[in-house]
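Structural characterization, general
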Amino acid sequence: LRVINEDRVKAGAGFPTHGHRDMEIISYVLEGAIAHKDSMGTGAVLRPGEVQRMSAGTGVTHSEFNASKTDGLHFLQIWIQPDARGIAPTYEQKMFGDDRKGKLRVVVSPDGRDGSLTIRQDATMYAALLAKGERVEHVLAPGRRAWFQVARGEATLNDTKLAAGDGAAITNEAKLALTW
């Protein structure tokens, strides 16, 4: 994990064409819609519930703009170093919607399991939509580390209270208990 950016973009504003290489970039929209256009010929709008994965590989240029002229955009962008450099750039986008309610849903994984997007790294990303008082657990294999990011509201991770925008690096834990 290299970066987690939490971006809020005003209506009609955004990030003009810029380049990346040798990075796995995951975008996750919380509110609004982001218009993406890249040098691979991909052009798409990403809305809440959709996850986008772009492997920048040997190099890609892209732009990201708020797709609305009136409403704000709030999204997370996560950068993960790939397991190999110099691969061909690729792009995937998928709607996950309600299948995140009340559970941890795999949205990105190295093997595309459970219909997730694929990533070139030994990393798995989960997303959950929990109602007040709901609890989920996740068992970590020995030696595994985790990062937990609160996108909205407040949560308790094991015995630690966290609020929107907070992140937690987790090491030496066998099980994670998340209560919303």
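Refer to the structure above for everything that follows.
In this report, the structure presented in the accompanying data block is examined. (Residues numbered from 1 in each chain as written. Predicted model: local features only at pLDDT ≥ 70, side-chain atom pairs only at ≥ 80, totals over all residues. Heavy atoms only, no water.)

**Observations concerning the overall build of the protein**
Put simply, the rule is: A helix here means a DSSP run of H or I that spans at least four residues, while a strand means a run of E at least two residues long, and both kinds are numbered starting from the N terminus. With the radius of gyration taken over C-alpha atoms, the globule rule is written as 2.2 Å times the number of residues to the power 0.38. To sort residues, take the accessible area from a 1.4 Å probe on protein chains only and compare it with the maximum for the residue type: under 20% means buried, over 50% means exposed, and anything in between is partly exposed. Here the accessible surface of atoms and residues is derived via Shrake-Rupley with a 1.4 Å probe, and residues count as covered only by protein chains that are part of the display.
Across its full length, the protein holds zero helices and 18 strands. For the protein, the C-alpha radius of gyration of 16 Å lies close to 16 Å, the compact-globule estimate for 180 residues. Each principal axis of the C-alpha distribution contributes one length, and for the protein these read about 45 × 40 × 25 Å. Expressed as a percentage of its 180 residues, the buried residues of the protein come to 39%. For the protein, the exposed surface amounts to about 9,400 Å²; the carbon and sulfur share of it is 49%.

**Some details on the sheet that holds strand E10 (residues 105-109)**
For clarity, the threshold we go by: At least two DSSP bridges between two strands are needed for those strands to be called paired.
An order of E11-E10-E12 is seen for the three strands of this open sheet, with the pairing classed as mixed. This sheet does not close on itself; its edge strands, each paired only once, are strand E11 (117-118) and strand E12 (125-127).

**Focus: the sheet that holds strand E4 (residues 34-38)**
Where we set the bar: Between N-to-C directions, angles span 0 to 180 degrees; the directions come from axes that are lines fitted to C-alpha atoms, helices contributing only their stretch in contact.
Across the sheet, which stays open at both edges, the four strands sit in the order E2-E7-E4-E5 with antiparallel pairing between neighbours. Among the strands making up the open sheet, the edge pair consists of strand E2 (14-20) and strand E5 (43-46). Between one strand axis and the next, the sheet turns by 20° as a mean value, whatever way the strands run. Two strands pair when backbone bridges link them, and E2 and strand E7 (residues 60-66) are joined in this way by five bridges, in the antiparallel orientation. When the sheet's bridge partners are listed, Phe 15 is paired in E7 with Glu 64.

**A word on the pattern of salt bridges**
The following threshold applies: Here, a salt bridge means any side-chain nitrogen of Lys or Arg that lies within 4 Å of a carboxyl oxygen of Asp or Glu.
Counted according to the given criterion, the structure contains eleven salt bridges. With a shortest N-O distance of 3.2 Å, Asp 111 and Arg 113 are connected by a salt bridge. Its relative accessible area of 29% is what places Arg 113 among the partly exposed residues. Taking the shortest distance from any N to any O, the salt bridge between Arg 135 and Glu 137 comes out at 2.8 Å. Classification of Arg 135 by relative accessible area gives partly exposed; the value is 48%. A network of salt bridges, in which partner residues are shared, links Arg 21, Asp 22 and Arg 85.

**Remarks on the side chain of Gln 52**
Our working rule: Two N or O atoms form a polar contact when they lie within 3.5 Å of each other; inside protein one atom must be a possible hydrogen donor and the other a possible acceptor, and for residues adjacent in sequence the pair counts only when both atoms belong to side chains. Pairs of residues are marked as contacts when any of their non-hydrogen atoms sit within 4.5 Å.
By secondary structure assignment, the location of Gln 52 is in strand E6 (residues 50-55). Of the residues examined, Gln 52 reaches a relative accessible area of 3% and is grouped as buried. A distance of 3.1 Å separates polar atoms of two side chains, one belonging to Gln 52 and the other to Tyr 91. When residues no more than four places from it in sequence are discounted, the contact partners of Gln 52 are Ile 25, Ile 26, Ser 27, His 36, Leu 46, Tyr 91, Glu 92, Gln 93 and Leu 117.

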